[in-house]
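Observations on chain architecture
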Amino acid sequence: MIVTIDGVAASGKSSVSSGVARELGIPYVSSGLLYRAATLLGLEAGVDLHDAPALLTLLETHAPRLEPLAEGNRVWAGKRELTDALHSSRVDAGVSVVAVLPELRAWVDAQLRALPEPFVAEGRDMGTNVFPQAGAKFYLTASPRIRAERRARERPEDIPAIEAALIRRDAKDKVQSAPAPDARVIDTGPLTLEGVISVILEGLGEVGKA
């Protein structure tokens, strides 16, 4: 079983996916963390983030590894844990550059497809490109302002600045972030985290009855 949960930046994908995975008793995998790991390693090495061959060479050397857990994914490069460093502003600013590179997308897709089922797959194109065969697909969205307010609770940054950055990110990610035709779209704006998880679990129950 694969459940895909896609959506725009800061729509709550990670928290929702973790909650759904815990309820189902299976891991969840975050594709975004692998893109962020590639971005972080590229920045640290001084590699041009537009240079796909150089980034791939770097990834072959450092080989980031995703550890999928229901309570939250962890990312390692050898014995060094990268997880806490993946959500900095500089990684935020660079990850969209990396995520549009076809070579990097293929690298991330290969890492994800090698993971054993079952799991909840979280990202932007899990239901459209990586796991089109998934039997249950969901897509999360919310207004830029609501997403900015949520992100501001996690980071000491100005809400209007976060909102502006999210709008720019949405424009860059537009192609990758389109929902699958058979995905259920959920506006998380008026819902609590528990509410979104409940909607997805109800949806999974309906899929199981079909």
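See above for the structure.
It should be emphasised that the depicted structure is a prediction, and the values quoted were computed from it without experimental measurement.

A word on unusual backbone geometry. Following Glu117, the chain continues into Pro118 via a peptide bond in cis, with omega recorded as 5 degrees. Mapping Pro118 onto the fold places it in the loop between helix H5 (102-113) and strand E6 (119-123). The phi dihedral of Ala10 is positive, around 60 degrees, even though this residue is not glycine. Here Ala10 shows up in the loop between strand E1 (2-7) and helix H1 (13-24).

Orientation of helix H2 (residues 31-45) relative to H5, taken along the N-to-C sense of each, is 130 degrees, at an axis distance of 10 Å. Comparing the axis directions of H2 and H5 gives the class oblique. You can see that H2 and H5 cross each other, and the crossing is right-handed. Contacts between H2 and H5 pair Ser31, Leu34, Tyr35 and Ala38 from the former with Leu104, Arg105, Trp107, Val108, Asp109, Gln111 and Leu112 from the latter. Of the residues in the contact of H2 with H5, the class split is seven nonpolar, two polar and two charged.

In this section: the nonpolar core. Leu82, Leu104, Leu112 and Phe131 are the most contacted members of the largest nonpolar core, which has 36 residues in total. The set of elements that each furnish at least two residues to this core consists of H2, helix H3 (52-62), strand E4 (74-77), helix H4 (89-99), H5, E6 and helix H6 (126-130). With seven residues, the top contributor of residues to this core is H2. Each residue touching Phe131, except ones within four places of it in the same chain, is listed here: Ile2, Thr4, Leu112, Arg113, Phe119, Ala121, Met126 and Lys137. Counting residues in hydrophobic clusters, the runner-up holds 18 residues, among them Val20, Ala21, Ile186 and Ile197.

With that settled, consider H2. In this model, H2 (15 residues) spans 22 Å end to end at C-alpha, consistent with the 21 Å of a helix rising 1.5 Å per residue. By the criterion of burial, H2 is predominantly enclosed, with twelve of the 15 residues buried. All of the buried residues in H2 are Ser31, Gly32, Leu33, Leu34, Tyr35, Arg36, Ala37, Ala38, Thr39, Leu40, Leu41 and Gly42.

Spatially, the five strands line up as an open sheet ordered E2-E6-E1-E7-E8, and their pairing is parallel. In this open sheet, the two edge strands, each paired with only one partner strand, are strand E2 (28-30) and strand E8 (184-187). With direction set aside, neighbouring strand axes in the sheet form an average angle of 20 degrees. Relative to strand E7 (residues 136-141), E1 is paired through five bridges, and the arrangement is parallel. From the neighbouring strand, Gly7 faces E7, where its bridge partner is Leu140. The strands that H1 touches are E1, E2, E6 and E7; relative to E6, the one it contacts most, it runs at about 175 degrees.

This part is about the pattern of salt bridges. Overall, the coordinates contain eight salt bridges when judged by the stated rule. Across the pair Arg80 and Glu44 runs a salt bridge, and its minimum N-O distance is 2.8 Å. Of this pair, Arg80 sits in strand E5 (residues 80-81) while Glu44 sits in helix H2, and the two are 36 residues apart along the sequence. Arg80 sits in the partly exposed class, given a relative accessible area of 39%. The partner of Arg74 in a salt bridge is Glu67, with the nearest N and O atoms 3.9 Å apart. One network of salt bridges, with partners in common, ties together Glu67, Arg74 and Glu81.

Here is what the cut-offs are and how they apply
Residues numbered from 1 in each chain as written. Predicted model: local features only at pLDDT ≥ 70, side-chain atom pairs only at ≥ 80, totals over all residues. Heavy atoms only, no water. Helix = DSSP H or I, 4+ residues; strand = E, 2+ residues; numbered from the N terminus. Axes fitted to C-alpha atoms, helices over the stretch in contact; angles between N-to-C directions. Parallel < 35°, antiparallel > 145°, perpendicular 65-115°, else oblique. Left-handed = near helix turned anticlockwise from the far one by under 90°. Contact = heavy atoms within 4.5 Å. Nonpolar A, V, L, I, M, F, W, Y, C, P; charged D, E, K, R; others polar. Core = buried A, V, L, I, M, F, W, Y, C linked by side-chain atoms within 4.5 Å. Buried < 20%, exposed > 50% of the residue type's maximum accessible area, 1.4 Å probe, protein only. Expected span 1.5 Å × (residues − 1). Pairing = 2+ DSSP bridges. Salt bridge = Lys/Arg side-chain N within 4 Å of Asp/Glu carboxyl O.

Taken by themselves, the reported measurements are silent on function.
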